[in-house]
Amino acid sequence: MKSRFLFPHRFKLMGWIIAIPALILGGFVLFNDLSLDFLTIKLPFKYYFSDSFVIGSSKTHFNDEVSVLNFTDEVAAIGSIIGLILIAFSKVKIEDEYVTITRLESLQWAIYFNFSLLILATVFVHGMAYFQVIIFNMFTPLVFFIVRFYFILFLKPRFEKN
């Protein structure tokens, strides 16, 4: 059975190399409000898709409003998503029908589990704490899928001995 839409097996290692630092960086951004200075840019205009503006006086521009943006959280989020996708959707060494079925069932289970938790959070979590739930919700379907998929592959032997 030919697997479609899966990355080669070697991409899994690249996924771990990208995901682990990005997830750690994301944790520091979320819980410690970390921002790396080299990821800060100053735009010579007002950026309307941000909630924070720094008003400065610039003599080289007609508009006195300057937007300062830091991309630390974007780097963490994009790195986490790319890394987790590479981990989740890279082929295993022996990609057979058992693995394909396990992959499909794990994906379905992860979606059900994730949205069940999101429904509970919607009922019980409010305000800015709910915003953090939504941030986590960008990554949890992939995390739940990866954990369940590899847990099932680890637990169940593919071929039973006669």
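An account of the accompanying structure is given in this report. The residue count restarts for each chain, going from 1 along the sequence in the order it is written. Where totals are concerned, whole chains, interfaces and linings use all residues; where local detail is concerned, this predicted model gives features only for residues with pLDDT of at least 70, and gives and counts side-chain atom pairs only at 80 or more. Hydrogens and water are ignored here; the side-chain numbers use all heavy atoms of the structure.

## Comments concerning the overall build of the protein
Turning to step 1, where the next piece is worked out: A run of DSSP states H or I qualifies as a helix once it reaches four residues; a run of E qualifies as a strand once it reaches two. Both are numbered from the N-terminal end. Secondary structure summary: the protein contains five helices and three strands in total.
Turning to step 2, where the next piece is worked out: Reading the protein from its N terminus to its C terminus gives the helix and strand order α-β-β-β-α-α-α-α.
Turning to step 3, where the next piece is worked out: Within the protein, buried positions represent 29% of all 162 residues.
Turning to step 4, where the next piece is worked out: Contact criterion: two residues are considered in contact whenever any of their non-hydrogen atoms come within 4.5 Å of each other. In the protein, of all internal contacts separated by at least 6 residues, the share reaching a separation of at least 24 is 74%.
Turning to step 5, where the next piece is worked out: A 1.4 Å probe and the Shrake-Rupley method give the accessible areas. Residues count as covered only by the protein chains that appear here. Split by element, the accessible area of the protein, about 11,700 Å² in all, is 70% carbon and sulfur. Here the term buried applies to any residue with accessible area under 20% of the maximum for its type, exposed to any over 50%, and partly exposed to those in between, with areas from a 1.4 Å probe on protein chains only.

## Quick look at the environment of Leu117
Turning to step 1, where the next piece is worked out: Tracing the chain through its elements places Leu117 in helix H3 (residues 97-124).
Turning to step 2, where the next piece is worked out: The spatial distance from the C-alpha of Leu117 to the C-alpha of Val133 is 9.7 Å, given a sequence separation of 16 residues.

## Side note on the packing of helix H1 (residues 11-32) against helix H2 (residues 72-88)
Turning to step 1, where the next piece is worked out: Interaxial angles span 0 to 180 degrees and are taken between N-to-C directions of axes, which are lines fitted to C-alpha atoms, for helices over the stretch in contact. Two elements in contact, H1 and H2, have axes separated by 7 Å at closest approach and are oriented at 145°. Crossing hand, H1 versus H2: left-handed. Taking contact as the criterion, the partners of Phe11, Lys12, Met14, Gly15, Trp16, Ile18, Ala19, Ala22, Leu23, Leu25, Gly26 and Val29 in H1 are, on H2, Thr72, Asp73, Val75, Ala76, Gly79, Ser80, Ile82, Gly83, Leu84, Leu86 and Ile87. The hand of a helix crossing depends on one turn: near helix anticlockwise from the far one by less than a right angle means left-handed, and clockwise means right-handed.

## A closer look at the packing of H3 against helix H4 (residues 128-137)
What describes two packed helices is the angle between their axes and the distance between those same axes.
Turning to step 1, where the next piece is worked out: At their nearest, the axes of H3 and H4 sit 10 Å apart, and the two run at 170° to each other. Here H3 lies roughly antiparallel to H4, going by the angle between them. Mapping the contact onto sequence places Asn114, Leu118, Ala121 and Thr122 in H3 and Tyr130, Val133, Ile134 and Asn137 in H4.
Turning to step 2, where the next piece is worked out: Lys, Arg, Asp and Glu make up the charged group, whereas Ala, Val, Leu, Ile, Met, Phe, Trp, Tyr, Cys and Pro make up the nonpolar group; the residues left over, Gly among them, are polar. A per-class count over the contact of H3 with H4 returns five nonpolar, three polar and no charged. Any angle from 65 to 115 degrees is called roughly perpendicular, while one under 35 is roughly parallel, one over 145 is roughly antiparallel, and all others are oblique.

## Thoughts on unusual backbone geometry
Turning to step 1, where the next piece is worked out: Backbone geometry at Asp33 places phi at a positive 55°, although glycine is not the residue there.
Turning to step 2, where the next piece is worked out: Within the secondary structure, Asp33 is located in the loop between H1 and strand S1 (40-43).

## Here we look at the packing of aromatic side chains
Turning to step 1, where the next piece is worked out: Think of it this way: a Phe, Tyr or Trp ring, Trp meaning its six-membered ring, pairs with another when their centres are within 6.5 Å, and the plane angle makes it stacked under 30 degrees, edge-to-face over 60, tilted otherwise. Evaluation of the coordinates by the stated rule reveals seven aromatic pairs.
Turning to step 2, where the next piece is worked out: With 4.8 Å between their ring centres and 70° between their planes, Phe113 and Phe144 make a pair best called edge-to-face. Here the residue Phe113 occupies a position in helix H3, and Phe144 occupies one in helix H5 (residues 140-155), the gap between them amounting to 31 residues.
Turning to step 3, where the next piece is worked out: When its relative accessible area of 34% is taken as the criterion, Phe113 is described as partly exposed.
Turning to step 4, where the next piece is worked out: Judged by its relative accessible area of 18%, Phe144 falls in the buried class.
Turning to step 5, where the next piece is worked out: Each member of the aromatic cluster is reached from another via a ring pair, and the members are Phe89, Phe145, Phe149 and Tyr150.

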